[in-house]
Amino acid sequence: MSGDLVVGVDSSTTAVKAIAWNAAGEAVAEGRASLALDNPSPGAWEQDAETWWSAFVAACASLTEQVDPSRFCALGITHQRETVVVTDAAGRPRAPALTWMDARATAQVDAARAALGADRLLASQIAALRADR
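Computed from a predicted model, the values in this text were never measured in an experiment.

A. Region of interest: the packing of helix α2 (residues 106-116) against helix α3 (residues 118-132). It is at 6 Å that the axes of α2 and α3 come closest, and there the two elements cross at 105°. By the criterion of interaxial angle, the relationship of α2 to α3 is roughly perpendicular. In this structure, α2 contributes Ala112, Arg113 and Leu116 to the contact, and α3 contributes Ala118, Arg120 and Leu121. For the contact of α2 with α3, a count of residues per class yields 4 nonpolar, no polar and 2 charged.

Structural data, given as structure tokens:
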């Protein structure tokens, strides 16, 4: 690796940001592309998952207009926490993505917590995470 910059990409709820950082931890350049967030009903928060890729491309294109990409030596990508999109076999979204803020399943979560207990649900989530390692 001969580059001197690390690129961090953050795909958040409202935008995709691509930032080039130097070894001193200073931001050298930034590209950004907005994401629409839909609220079709109370407690419902959705996004068109297809726009994640186009926003990623736009943010990175903006970044590479400011900095020669040959300077990049690493790339780190983060995405929204607990945002879910159901896809078909080809990976195309079948419906809007449900963002981490979506609260439509609150009644079901409360029912599971009441039936199983919060400690048991948490223990099963931790066990599942450990099994994925």
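So, next bit.
B. Broad picture of unusual backbone geometry. Its identity is not glycine, yet Glu82 carries a phi of approximately 45°, on the positive side. In this fold, Glu82 is placed in the loop between β5 (72-79) and β6 (97-98). Using a relative accessible area of 58% as the deciding quantity, one classes Glu82 as exposed.

C. Region of interest: the sheet that holds strand β2 (residues 15-21). In space, the 4 strands of this open sheet follow the order β3-β2-β1-β5, with mixed pairing throughout. The sheet is open, and its two edges are formed by β3 (27-34) and β5, each paired on a single side. Along the sheet, successive strands turn relative to each other by an average axial angle of 15°, direction set aside. Relative to β5, strand β1 (residues 5-11) is paired through 7 bridges, and the arrangement is parallel. Looking across to β5, one finds that Asp10 is bridged to Thr78. Sitting on the sheet, helix α1 (residues 50-66) is in contact with β1, β2, β3 and β5, with an inclination near 150° to β3.

D. Structural detail: the side chain of Lys17. Structurally, Lys17 can be placed in strand β2. Of note is the side chain of Lys17, whose polar atom sits 2.8 Å from the side chain of Ser12. If near-sequence neighbours (up to four positions away) are discounted, Lys17 is found in contact with Gly8, Val9, Asp10, Ser12, Glu30, Gly31 and Arg32.

E. Representation of the side chain of Gln47 in the model. Within the fold, Gln47 resides in strand β4 (residues 46-47). Residue classification places Gln47 among the buried positions, given a relative accessible area of 0%. Within the structure, the side chain of Gln47 is placed 3.2 Å from the backbone oxygen of Ala36, a separation counted as a polar contact.

F. Expanded view of the pattern of salt bridges. The final tally for this structure, using the stated rule, is 8 salt bridges. Across the pair Arg81 and Glu82 runs a salt bridge, and its minimum N-O distance is 3.1 Å. The same class applies to Arg81 as to Glu82, namely exposed. Put simply, Arg104 and Asp102 hold a salt bridge, and the shortest N to O gap is 2.6 Å. With a relative accessible area of 19%, Asp102 lands in the buried category. Ionic contacts of the salt-bridge type, sharing partners, join the residues Glu46, Asp102 and Arg104 into one network.

Rules used throughout
- Residues numbered from 1 in each chain as written.
- Predicted model: local features only at pLDDT ≥ 70, side-chain atom pairs only at ≥ 80, totals over all residues.
- Heavy atoms only, no water.
- Axes fitted to C-alpha atoms, helices over the stretch in contact; angles between N-to-C directions.
- Helix = DSSP H or I, 4+ residues; strand = E, 2+ residues; numbered from the N terminus.
- Parallel < 35°, antiparallel > 145°, perpendicular 65-115°, else oblique.
- Contact = heavy atoms within 4.5 Å.
- Nonpolar A, V, L, I, M, F, W, Y, C, P; charged D, E, K, R; others polar.
- Buried < 20%, exposed > 50% of the residue type's maximum accessible area, 1.4 Å probe, protein only.
- Pairing = 2+ DSSP bridges.
- Polar contact = N/O pair within 3.5 Å; in protein donor to acceptor, adjacent residues only side chain to side chain.
- Salt bridge = Lys/Arg side-chain N within 4 Å of Asp/Glu carboxyl O.

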